[in-house]
Amino acid sequence: MNNKMIELSAGLIRKYGERDIPYYTSYPTGGQWKAEFGHDSYIEALTKSVPKGEKVSMSLYVHFPFCPELCYYCCCVKTITKKRDRITKYLHYLHREIDLLVQTFEKLGIEPDVRDVAFGGGTPTYMELSEYDALLKKLESLVDIRSLNEFVLEVDPRTVNKDDMYHYLASGVSRLSFGLQDFDPNVQKAINRIQPYEMVEPLVSGDLRQCSVNFDLIYGLPFSSRESFKETLSMAKQLNPDRLSVYNYDHTPEIHKGMKAINAGDLPDLVDKSFIFGDVIEDLLESGYQHIGLDHFAKPEDSLARAYNDKHIWRNLSGYTTHRDYFLEIGLGNSSIGSLPNYYTQNIKSEAEYYQSIERDQFPVLRGVELSQEDVIRRDVIFYIVSQHYVDFGLIEKKHNIDFQTYFKDDLPLLEESVEDGLVELNNDHLQLTPLGKIFAHHVAMPFDQYLKSGESYVRTHAAIIKERKVAV
């Protein structure tokens, strides 16, 4: 990113910054998912859409919601507890949910071919190692861990030591994702997450560096500034991560109660935050990382960068994926989300209701949605924009038997603003995002979102935003 681009993006901050747009890990987004979609709907969806008698490729996300203490910035579905018996109870029911999935696959004649597994939370590394091992053993009825394309484990550095890390690596983990957020001591104190550089460095150094490493950083936290975050990024780079995800802190205490402990007056404003992210892009590009899109960066040799350059990258419920051809995404545990080719689902959040559903031998589905043909078409276009930053109109036409210009005749004119602002180049047969447009990819995709067009402005109402976030993981 050169200085001209930074100057230009600063000029767009006020224009686009107040628009709260989905990041499109699903389409339709969570606000369109219906409570009427429950266990029976899920079984019907599996029956209708999953081929029988052949291997079905899929990924698994396993949600472990427990944390030893509250990080004030967190917007994940989590439970703060020191009670090990509460964790034991949850894992018991999680094991039963896995059994239920195996039994359902057998009953419906579905042959699972699990290619990716991810443990998220919460804090998966808050599990005792014996609990972790028991969960892996239970998953053996579905998964051959040693043959996976990827096995991802989210790590809180405060909950592990070097011996734990050796254990995870020996179990088959292929990518470790560390939640670092910010190294500044003032920021760490303000968000109740004390994890200095000296705590993290031994966990990713020497003979422990046996797999891919991702760092999650968050800019815009209390007391964060351009200079302080440059130092955080510099320290993170010293640890040589293969990937970095650099997220924007979104202060929503009316939704996430823990955020009430953060004083809004201590937060950098919209312009300052945008400059911080501009600095991040410039710094990481100069350091040899590739900007994959939105808030993700990777080394050129990393599988994510290779997938982006080969145009195999895609969007899924976890963000960017190197494998767009998985037939199913299965979410296990409370609040987890999943997808079938034409469906999205989310599990119950409440522990008690989750347990009650498993006791009835029913999948704990809270809500879901079946996609219409128009949803599928628009999802393809939106996902091409936010993942590959390029849409070949002819490819969409061939796949869906439409004339692109005719089908989107009301949407294409809405791209004029993005064209004028240098975010996108629009031609008769394709659209291409510029390097600046990659930062605003979800804004470029917005005109193709039919659910933002119900007679209201593209600047979404606060009520609509809250409605969506309440069902988002």
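What counts and how
- Within each chain, residues carry numbers counting from 1 in the order of the written sequence.
- Where local features are concerned, this predicted model is filtered to residues with pLDDT of at least 70; where side-chain atom pairs are given and counted, the filter is 80 or more; whole-chain, interface and lining totals use all residues.
- Side-chain metrics rest on all non-hydrogen atoms present in the structure, leaving aside hydrogens and water.
- Numbering goes from the N terminus for both helices and strands, where a helix is a DSSP run of H or I of at least four residues and a strand is a run of E of at least two.
- Within these notes, the globule rule equals 2.2 Å times the number of residues to the 0.38 power, and the radius of gyration is based on C-alpha atoms.
- The cut-offs for exposure are 20% and 50% of the maximum accessible area for each residue type, with area from a 1.4 Å probe on protein chains only; residues under the lower value are buried, those over the upper are exposed, and the others partly exposed.
- Note on contacts: a residue pair is in contact if any heavy atoms of the two residues lie within 4.5 Å.
- With residues, only the protein chains shown are counted as cover, and all accessible areas are computed by Shrake-Rupley using a 1.4 Å probe.
- The sign given to each residue is positive for Lys and Arg and negative for Asp and Glu; His and the chain ends receive no count.
- Working definition for charges: the position is that of NZ of Lys, CZ of Arg, CG of Asp or CD of Glu.
- By convention a nonpolar core is built from buried Ala, Val, Leu, Ile, Met, Phe, Trp, Tyr and Cys residues, the set being connected through side-chain atoms within 4.5 Å.
- It is the directions from the helix axis to the C-beta atoms whose arc is reported.
- A pair of strands counts as paired when DSSP detects no fewer than two bridges linking them.
- Axis definition: a line fitted to C-alpha atoms, over the contacting stretch in the case of helices. Angles run 0 to 180 degrees between N-to-C directions.
- With the strands pointing away from the viewer, any crossover whose connection runs clockwise from the first strand over the helix to the second is right-handed.
- Whenever a carboxyl oxygen of Asp or Glu lies within 4 Å of a side-chain nitrogen of Lys or Arg, that contact is scored as a salt bridge.
- Side-chain rings of Phe, Tyr and Trp, where Trp is taken by its six-membered ring, are said to pair if the distance between their centres is within 6.5 Å; with planes under 30 degrees apart they count as stacked, over 60 as edge-to-face, and otherwise as tilted.
- We call a charge positioned above a ring when the Lys NZ or Arg CZ atom is no farther than 6 Å from the ring centre and deviates by at most 35 degrees from the ring normal.
- Geometric relationships in this document are graded by angle, where less than 35 degrees denotes roughly parallel, more than 145 denotes roughly antiparallel, 65 to 115 denotes roughly perpendicular, and other angles denote oblique.
- Only Asp, Glu, Lys and Arg are considered charged in this grouping, and only Ala, Val, Leu, Ile, Met, Phe, Trp, Tyr, Cys and Pro are considered nonpolar; every other residue, Gly among them, is considered polar.
- Put simply, the grid is 1 Å and covers the protein atoms alone, a cavity is a trapped set of points that fit a 1.4 Å probe, a pocket is an open set with protein on both sides within 12 Å along at least five of seven lines, and lining residues have an atom within 4 Å of a point.
- Grid points are joined across faces, edges and corners, and a volume is the space filled by probe spheres set on the points.

Caption draft 1: Spatial organisation of the overall build of the chain. Secondary structure assignment for the chain yields 18 helices and 19 strands. Its C-alpha radius of gyration of 22 Å places the chain within 12% of the 23 Å reference for a compact globule of 473 residues. When the backbone C-alpha atoms are referred to their principal axes, the chain occupies close to 55 × 55 × 40 Å. Across the 473 residues of the chain, 58% fall into the buried class. If you take every contact in the chain between residues at least 6 apart in sequence, the share linking residues at least 24 apart comes to 73%. A total accessible area of about 19800 Å² is found for the chain, and carbon and sulfur atoms account for 48% of it. For the chain, the separation between the mean place of its 52 positive charges and that of its 71 negative charges on side chains is 3 Å.

Caption draft 2: Representation of the nonpolar core. Counting 132 residues, the largest nonpolar core has Tyr24, Phe119, Phe178, Ile385 and Phe448 as its most contacted members. Residue contributions to this core peak at 11 residues, all from helix H3 (residues 84-108). Among residues more than four places away in sequence, those in contact with phenylalanine 119 are Val62, Pro124, Met127, Tyr132, Leu135, Leu136, Leu139, Phe151, Val152, Leu153 and Glu154.

Caption draft 3: How the structure looks around helix H5 (residues 162-170). Three or more residues of H5 are buried, namely Asp164, Met165, Tyr168 and Leu169. One face of H5 carries all of its buried residues, which in axial projection span an arc of 135 degrees. Those residues of H5 that are exposed and aimed more than 90 degrees away from the buried face are Asp163 and Ala170. As for H5, its buried residues are in contact with helix H4 (129-139), strand E5 (150-155) and strand E6 (175-181). Downstream of H5 by a residue or two, glycine 172 has a phi angle that is positive, lying close to 115 degrees.

Caption draft 4: Looking closely at the sheet that holds strand E18 (residues 424-426). Read across the open sheet, the three strands follow the order E17-E19-E18; overall the sheet is antiparallel. In this open sheet, the two edge strands, each paired with only one partner strand, are strand E17 (390-392) and E18. The average angle at which neighbouring strand axes cross in this sheet is 10 degrees, direction not considered. Examined bridge by bridge, E18 and strand E19 (residues 430-433) share three bridges and lie antiparallel to one another. Looking at the pairing, valine 424 lines up with leucine 433 of E19.

Caption draft 5: How the structure looks around the pairing of strand E8 (residues 243-248). Two strands pair when backbone bridges link them, and strand E7 (residues 212-219) and E8 are joined in this way by six bridges, in the parallel orientation. Considered in E8, the bridge of phenylalanine 215 is made with leucine 244. On the question of chirality, the crossover connecting E7 to the parallel E8 by way of helix H8 (residues 226-238) is right-handed. Taken together, the three bridges between E8 and strand E10 (residues 296-298) define a ladder with antiparallel strand orientation.

Caption draft 6: Just the environment of phenylalanine 215, in detail. Topologically, phenylalanine 215 is positioned in strand E7. Residues phenylalanine 215 and leucine 180, 35 residues apart in the sequence, show an inter-C-alpha distance of 6.3 Å. When residues no more than four places from it in sequence are discounted, the contact partners of phenylalanine 215 are Phe178, Leu180, Val204, Ala236, Leu239, Pro241, Arg243, Leu244 and Ser245.

Caption draft 7: Region of the structure containing the pattern of salt bridges. Applying the stated criterion across every chain yields a total of 21 salt bridges. Arginine 158 serves as the salt-bridge partner of glutamate 69, at 3.7 Å between the closest nitrogen and oxygen. In this pair, glutamate 69 sits in the loop between strand E2 (66-67) and strand E3 (79-80) while arginine 158 sits in the loop between E5 and H5, placing the two residues 89 residues apart along the sequence. For lysine 237, the salt bridge goes to aspartate 283, with nearest N and O atoms at 2.4 Å. Placement of lysine 237 in helix H8 and of aspartate 283 in helix H9 (residues 270-286) is noted, with a sequence separation of 46 residues between them.

Caption draft 8: Summary view of the packing of aromatic side chains. Scanning all chains against the criterion turns up 25 aromatic pairs. A ring pair is formed by tyrosine 93 and tyrosine 355, whose centres lie 4.5 Å apart and whose planes are at 25 degrees; its orientation type is stacked. Within this pair, whereas tyrosine 93 is found in helix H3, its partner tyrosine 355 is found in helix H11 (residues 351-359), the two being separated by 262 residues in sequence. Across this residue pair, the class does not change: tyrosine 93 and tyrosine 355 are buried. Within the aromatic cluster, the residues linked to one another by ring pairs are Phe64, Phe66, Tyr90, Tyr93, Tyr354 and Tyr355. Directly above the ring of tyrosine 126 sits arginine 84, whose terminal nitrogen or CZ lies 4.9 Å from the centroid. When the ring centre of tyrosine 320 is taken as reference, the NZ or CZ atom of arginine 315 above it lies at 4.4 Å.

Caption draft 9: Molecular detail of the packing of H4 against H5. Relative to each other, H4 and H5 sit at 5 degrees, their axes nearing to 12 Å. Looking at the two axes, H4 sits roughly parallel to H5. Counted together, Leu129, Tyr132 and Asp133 of H4 and Asp164, His167 and Tyr168 of H5 form the full contact between these two elements. Here the contact of H4 with H5 is composed, by residue class, of three nonpolar, one polar and two charged.

Caption draft 10: Summary view of the pairing of E19. Here E17 pairs with E19 via three bridges, running antiparallel. If you follow valine 391 over to E19, its bridge partner there is leucine 431. The hairpin formed by E18 and E19 contains three residues between the paired strands.

Caption draft 11: Looking closely at empty space enclosed by the protein. In this structure the tally under the stated criterion is one cavity of 30 Å³ or more. The volume enclosed by the largest cavity comes to roughly 80 Å³. Along the wall of the largest cavity there are 13 residues; nearest its centre are Tyr42, Glu97, Gly331, Asn347 and Phe363. Sorting the residues of the lining of the largest cavity by element identifies H3, strand E13 (328-332) and strand E15 (343-347) as the ones contributing at least two each. Within the lining of the largest cavity, the residues separate by chemical class into seven nonpolar, five polar and one charged.

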